[in-house]
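Examination of the molecular architecture
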Amino acid sequence: MVQIYFSIRPLQLLRVAFLLFIALGSAQAQSPSAPALPSPADTLRSMPGVDLEDVYVAPAAVDTKEWLLLNADIQTELGGAVNNLYNFKFDQAEKQFRSLRRRYPQHPMAYFLLGLNTWWKIMPSNTHNKQYDKLFFAYMDTAITKAETMYRADSRNYEAAFFLSAAYGFDARLHAERRDWAKATVSSKRALTYLQKSREANGLSPEFVFGEGLFNYYAVWIGEEYPLLRPVLLFFPRGNRATGLAQLSNVAQNGFYTATEARFFRMRILGSTTENRTAAALESARTLTKDFPDNSCFQRAHAQNSFAQGELAECERTSRDILAKVNRGLPGYEAYSGRMAAFYLGYVEQHRRRNTAAAQDYYRRCIVFCETVGQVKSGFYLFSVVNLGRLAASSNNAEEARRYYRLVLEKAERKSDLHKEARAYLKKHAPATASISNLAMGN
């Protein structure tokens, strides 16, 4: 088992639970720089107390004839478009979704899919890329407007409720990433409201189960991982972690539009520290990268989980492919992907091949990638720097080692092991001129 593993941070996983952004906001409010947040009691007081159980209801006397979500011909037509979306062939997918919009201009589906296509342009940067924000919000706002019109005309239009829940959910996700807690609060509450309405149609299609599966899992997970937030969770329906994971597995196997999203979330959950089922997460990542070989998010997860499992040959192959695509400038293959791939290749060269020169080259490339995107306090950056320091020290190049260890002191947390290691090395290997100066000063 390889010991170094850069897992998804808890707050990253917390953000993907799009119906619980209020809880996340409460946690972030402890930061002095965070804006003031509305009181959870004020924003959620009217939330009905219902349970989201593993119940599949087939509503009687519901006319689904006009529902595009259940239309087999539409699914056949859009199958290639959905595959293009998740394989990062964004332009091709957009053309197909625009074709759907021309034929159904008053339906929310095309606008939602165009928004989802835009969302996955944001995802490779760990959502730091803001250039697509306005377009994303515009698509989701339009999807909401179209769905609201349908829902007002028929309150049993569960397809409209589905799109309202999904669009508000994605809207909340990005607003929370941008620290716009007021808008995230409103959107997440509305997403949950429509989720409760659309669940009445769970028996009609696995698509309706996706949001409920996410909520069921993360509602419990947040309470377990963040005990101080449990009072906030009293305002939400109760969840069930096992049920949520089972629901996501069901959608992953049987869904159409939401299947890949469910597979992605399921993989992340299995590989989390809570579940600690890295072998299962790796198998999920393998199938995702097999089906969508040009999706950088899936490939990064593949490299990460194979690294965690000690499958270094597999990690190396995946990382080399990622780096080659970064060099080719493929959509979604940016510095965020490059930093991970370069670090893993540096680790392989250092510990598996004992090739110091190659390891140093990859670690330096990782540092450049990290600096390009401002991730200079991340694990990839810090471990690249400290490994360069270790390699320099083992080669008796004290001057170079000191340079890297000084950088570790500057960037690492003071109480971290890396900071302690750097401090110890610099104390033991102080330059001779510094020692003479200290002696002259009586130190």
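Look up a bit, the structure's there.
Description of the structure in this document. The residue numbers shown here count from 1 along each chain, following its written sequence. Only residues with pLDDT of at least 70 are given local features in this predicted model, and only at 80 or more are side-chain atom pairs given and counted; all residues enter the totals for whole chains, interfaces and linings. Values shown for side chains rest on all heavy atoms present in the structure; no hydrogens or waters enter the calculation.

**Some points on the packing of helix α18 (residues 356-372) against helix α19 (residues 379-394)**
In this description, a line fitted to the C-alpha atoms serves as the axis of each element, helices being fitted only across the stretch in contact, and the angle between N-to-C directions of two axes falls anywhere from 0 to 180 degrees. Note on conventions: DSSP H or I runs of at least 4 residues are helices, E runs of at least 2 residues are strands, and numbering of each starts at the N terminus. Between α18 and α19, the shortest axis-to-axis distance is 9 Å and the interhelical angle comes to 150°. You can see that α18 and α19 cross each other, and the crossing is left-handed. Here α18 contributes Thr356, Ala359, Gln360, Tyr363, Arg364, Cys366, Ile367, Cys370 and Glu371 to the contact with α19, which in turn contributes Phe380, Tyr381, Ser384, Val385, Asn387, Leu388 and Leu391. As a working rule, the residues Ala, Val, Leu, Ile, Met, Phe, Trp, Tyr, Cys and Pro are called nonpolar, Asp, Glu, Lys and Arg charged, and the rest polar, with Gly in that last group. Class assignment for the residues of the contact of α18 with α19 results in 10 nonpolar, four polar and two charged. Note on convention: near helix rotated counterclockwise from far helix by under a right angle means a left-handed crossing. Clockwise means right-handed. Any two residues whose heavy atoms approach within 4.5 Å at even a single point are treated as in contact.

**Comments concerning the layout of surface pockets**
In this model, the second largest pocket occupies a volume close to 200 Å³. Put simply, the grid is 1 Å and covers the protein atoms alone, a cavity is a trapped set of points that fit a 1.4 Å probe, a pocket is an open set with protein on both sides within 12 Å along at least five of seven lines, and lining residues have an atom within 4 Å of a point. Lining the second largest pocket, in full, are Lys377, Ser378, Gly379, Leu382, Phe383, Lys411, Ala412, Glu413, Ser416, Asp417 and Leu418. Top contributing element to the lining of the second largest pocket by residue count: α19, with three residues. Its residues assigned to classes, the lining of the second largest pocket comprises four nonpolar, three polar and four charged. Grid points are joined across faces, edges and corners, and a volume is the space filled by probe spheres set on the points.

**Points about empty space enclosed by the protein**
A complete count under the given rule lists two cavities of 30 Å³ or more for this structure. Approximately 250 Å³ is the volume attributed to the largest cavity. Sorting elements by how many residues they give to the lining of the largest cavity places helix α8 (residues 158-177) first, with six residues. Classifying every residue of the lining of the largest cavity gives 16 nonpolar, four polar and three charged.

**Side note on the nonpolar core**
As used here, the term nonpolar core means buried Ala, Val, Leu, Ile, Met, Phe, Trp, Tyr and Cys residues forming a set that is joined through side-chain atoms within 4.5 Å. When accessible area is computed with a 1.4 Å probe and restricted to protein chains, residues below 20% of their type maximum are described as buried, those above 50% as exposed, and intermediate ones as partly exposed. Counting 72 residues, the largest nonpolar core has Leu78, Met109, Phe112 and Trp120 as the members making the most contacts within it. The element that contributes the greatest number of residues to this core is α8, accounting for 11 residues. Once residues lying within four places of it in the same chain are set aside, the contact partners of Trp120 are Leu85, Tyr86, Phe88, Phe90, Glu261, Phe264, Asn295, Cys297 and Phe298. Among the nonpolar cores identified, the runner-up in size contains 42 residues, and Cys370, Val385, Leu418 and Leu426 belong to it.

**Let's talk about unusual backbone geometry**
One non-glycine residue, Asn126, lies in the positive phi region at around 60°. Within the secondary structure layout, Asn126 lies in the loop between α6 (108-122) and α7 (133-153). In the Ramachandran plot, Thr127 falls in the positive-phi region, its phi being about 65° despite a non-glycine side chain. Counting through the fold element by element, Thr127 comes out in the loop between α6 and α7.

**Here's the deal with α19**
Expected helix span is computed as 1.5 Å times (number of residues minus one). An ideal rise of 1.5 Å per residue puts 22 Å on 16 residues; α19 measures up with 22 Å between its terminal C-alpha atoms. All buried positions along α19 are accounted for by Phe380, Tyr381, Leu382, Ser384, Val385, Val386, Asn387, Leu388, Gly389, Leu391 and Ala392. Where the residues of α19 are buried, they touch α17 (335-351), α18, α20 (398-411) and α21 (417-428). Directly beyond the C-terminal end of α19, a positive phi value near 60° is found at Asn396.

**Side note on the pattern of salt bridges**
Working definition: two side chains of opposite charge can pair if their charged atoms are close together. By definition here, a salt bridge exists when the distance from a side-chain nitrogen of Lys or Arg to a carboxyl oxygen of Asp or Glu is within 4 Å. Inspection of every chain in the model, using the stated rule, returns 22 salt bridges. A salt bridge links Arg241 to Glu275, with the shortest nitrogen-to-oxygen separation between them at 3.3 Å. Residue Arg241 is found in helix α12 (residues 241-254), and its partner Glu275 is found in the loop between α13 (259-270) and α14 (278-291); the two are separated by 34 residues along the sequence. Its salt-bridge partner being Arg352, residue Glu316 comes within 3.6 Å of it at the nearest N-O pair. Note that Glu316 is positioned in helix α16 (residues 312-328) and Arg352 in the loop between α17 and α18, a separation of 36 residues in sequence.

**Remarks on the packing of aromatic side chains**
Stacked, edge-to-face and tilted are the three classes for Phe, Tyr and Trp ring pairs, Trp counted by its six-membered ring, which pair at centre distances within 6.5 Å; planes under 30 degrees apart are stacked, over 60 edge-to-face, the rest tilted. Counted according to the given criterion, the structure contains 29 aromatic pairs. When the centroid spacing of 5.5 Å and the interplanar angle of 65° are considered together, the rings of Phe136 and Phe137 count as edge-to-face. Measuring from ring centre to ring centre gives 4.4 Å for Phe307 and Tyr344, while their planes differ by 25°; the resulting arrangement is stacked. Linking Phe307 in helix α15 (residues 296-308) with Tyr344 in helix α17, this pair joins segments that are 37 residues apart in sequence. For the pair formed by Phe307 and Tyr344, the shared burial category is buried. Through pairs of rings, three or more aromatic residues link up here, namely Trp67, Phe112, Trp119, Phe136, Phe137, Phe162, Phe163, Phe170 and Phe208. Its end group placed over the ring of Tyr404, Arg403 keeps NZ or CZ at 4.9 Å from the ring centre. The rule for a charge over a ring is simple: NZ of Lys or CZ of Arg within 6 Å of the ring centre, and within 35 degrees of the ring normal.

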